[in-house]
Every structure is written in structure tokens, then in C-alpha cells.
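For reference, the chains in residue letters:
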Amino acid sequence: MLPTLTQPASPPAPHQPDRRFGDPYLRFQLTDGVEAVLAMQKVQEVHTLPAHRLTPMPNMPGCVLGLMNRRSHVIWVVDLAKVLDVASLGTNHQQYNLVIARSGELVLALAVPTISGFFWMPSEAIRPIQGQLSATLETCLQGCAMYDQDILLVLNPEAILHSAALYASPYPTTPSTL
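About the thresholds
Residues numbered from 1 in each chain as written. Predicted model: local features only at pLDDT ≥ 70, side-chain atom pairs only at ≥ 80, totals over all residues. Heavy atoms only, no water. Helix = DSSP H or I, 4+ residues; strand = E, 2+ residues; numbered from the N terminus. Buried < 20%, exposed > 50% of the residue type's maximum accessible area, 1.4 Å probe, protein only. Contact = heavy atoms within 4.5 Å. Areas by Shrake-Rupley, 256 points an atom, 1.4 Å probe, with all protein chains shown as cover. pLDDT = per-residue confidence, 0-100. Core = buried A, V, L, I, M, F, W, Y, C linked by side-chain atoms within 4.5 Å. Salt bridge = Lys/Arg side-chain N within 4 Å of Asp/Glu carboxyl O. Pairing = 2+ DSSP bridges. Axes fitted to C-alpha atoms, helices over the stretch in contact; angles between N-to-C directions. 1 Å grid on protein atoms, 1.4 Å probe; cavity = no way out; pocket = protein on both sides within 12 Å on 5 of 7 lines; lining within 4 Å. Points joined across faces, edges and corners; volume = space filled by probe spheres on them. Nonpolar A, V, L, I, M, F, W, Y, C, P; charged D, E, K, R; others polar.

A. Looking closely at the overall build of the protein chain. Across its full length, the protein chain carries three helices and ten strands. Of all 178 residues assigned to the protein chain, the portion counted as buried reaches 37%. In the protein chain, of all internal contacts separated by at least 6 residues, the share reaching a separation of at least 24 is 57%. Accessible surface, the protein chain: about 11,400 Å² in total, of which carbon and sulfur atoms supply 54%.

Structure follows, in C-alpha cells:
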């Protein structure tokens, strides 16, 4: 007997995700009018951090907001929009919405304005970006996707976690004169 549309041919194994709808992604706002997604396999957790629990660190790149303690681990917190060179989260926050991303042993808390939730998206929906982008943003993107009439930037977590913006000097460099 052939399977019908309302009855799956065989249920997925209990330990394997149902891939009929694609892969899970976390959706969040990057700046006003710009939404982005990150593959859930690279998201360790989502967390709201009260501003008084963030420890600012002097002499760090502008995108670094400070350090936080989470479950006995010290984690760097960065302004994701600033890392991507598209905007800045700004200052004067009572709390930060954080996407805690992991790549191997490297963990980084990405501060974003709003976290929308997660959804399933097929990998075929990801298309190359067409248009003028900053070099920083271009290196941190896997592409873009259309979802519910919105264009979503699909971020490359490894590129973000290893971005040169995280290691840049906070001081302008000037040629030395001897």
C-alpha cells in the first residue's frame, strides 16, 4: 500500500530530528528592519543578561561589551551588529538579549536587540547575496533566505567567532616616527 500525504511512510527514529522541514535556525533582529538567522547546531543557549551583570573591560575593540559569568564560565559579550559592521546596539541598556554561540571550544555571547525564536528552514532556501556589502559582513554570511515575505541574513557562526573585529586594536594606529 502506498503512503498518503496525511500519513508519513515511516516515523523518524526517536533520536534523529525530523528533517522534512529542513534544519532549525534561531531568528533575531540585527538592526531596525534587518533580521538574521543562525543555525541552531551552533547555538548553545539564549539568555537575557541584566546590564549590571556585564563587566566592561578597558582597552578592548569597540564591539566588545564586556565579560559575563554564566554557569561558572566567563564568556565574552559582543555587539553582533558592530562585529558585522552594520550598526551598533548602542549603550544605555537595562538588559541584553544574548545568543550564546559555540564553535569547538570557542564560546561567544552575541548581543542582539530582539530574539524572535526558532524555525525550520530547508538548506535549499539559502541563496547567495547579491548587492554591495561591507567586506566584514560579506565574510560572515552564508547567504540570505526569503521567509514569510522577509529577507533573512544567514550568518556563518565560525566566521563571526573568528572575526578580525574581535581582535582589532581599540586605538588607531599611526606610523611611528623615529
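Moving on, there is more to tell.
B. Representation of the confidence of the model for the protein chain. In this model, the protein chain carries an average pLDDT of 82, and 83% of its residues clear a pLDDT of 70 or more. This model gives residues 1–14 a pLDDT under 50, and the stretch forms three contacts once residues within four places in sequence are excluded.

C. Local environment of the nonpolar core. Judged by nonpolar contacts, the single largest core of 27 residues is most densely connected at Phe28, Leu80, Leu110 and Leu155. Secondary-structure elements contributing two or more residues to this core are strand S1 (23–31), strand S2 (34–39), helix H1 (80–83), strand S6 (95–103), strand S7 (106–112), strand S10 (150–155) and helix H3 (157–161). The residues touching Leu155, leaving out its near neighbours within four places in the chain, are Phe28, Ala36, Val37, Leu38, Leu80, Leu84, Cys140, Leu141, Gln142 and Ile160. Counting 13 residues, the second-largest nonpolar core is a separate cluster that includes Leu49, Leu98, Val107 and Ala109.

D. Layout of the pattern of salt bridges. Counted according to the given criterion, the structure contains five salt bridges. Measuring nitrogen to oxygen at the nearest pair gives 2.7 Å for the salt bridge that ties Glu35 to Arg27. For Glu35, a relative accessible area of 22% gives the class partly exposed. For Asp150, the salt bridge identified is with Arg27, shortest N-O distance 2.6 Å. With Asp150 in strand S10 and Arg27 in strand S1, the pair connects residues that are 123 residues apart, well separated along the chain.

E. Representation of the environment of Leu54 in the model. Mapped onto the secondary structure, Leu54 falls in the loop between strand S3 (43–50) and strand S4 (64–70). Judged by its relative accessible area of 10%, Leu54 falls in the buried class. It is 5.2 Å that separates the C-alpha atoms of Leu54 and Met68, two residues lying 14 residues apart in sequence. Every residue in contact with Leu54, bar those within four places of it in the chain, is listed here: Leu49, Leu65, Gly66, Leu67, Val77 and Tyr96.

F. Structural context of the sheet that holds strand S5 (residues 73–79). With mixed pairing, five strands are arranged side by side in an open sheet as S3-S6-S7-S5-S4. Two strands lie at the open edges of the sheet, namely S3 and S4, each paired on one side alone. With direction set aside, neighbouring strand axes in the sheet form an average angle of 30 degrees. Bridging between S4 and S5 involves six bridges; their strand directions are antiparallel. Considered in S5, the bridge of Asn69 is made with Val74.

G. Representation of the layout of surface pockets in the model. Estimated volume of the largest pocket: approximately 180 Å³. Along its surface, the largest pocket is lined by Met60, Val64, Val74, Ile75, Trp76, Val78, Leu106, Val107, Leu108, Leu161, Leu166 and Tyr167. Looking at the lining of the largest pocket, the elements with two or more residues in it are S5 and S7. In terms of residue class, the lining of the largest pocket is made up of twelve nonpolar, no polar and no charged.

H. Here's a closer look at the environment of Ala101. Counting through the fold element by element, Ala101 comes out in strand S6. You can call Ala101 buried: its relative accessible area is 1%. For Ala101 and Val46, which are 55 residues apart along the polypeptide, the C-alpha to C-alpha distance reads 8.8 Å. Here Ala101 is in contact with Leu38, Lys42, Gln44, Leu106, Val107, Leu108, Leu110 and Leu161, once residues within four sequence places are set aside.

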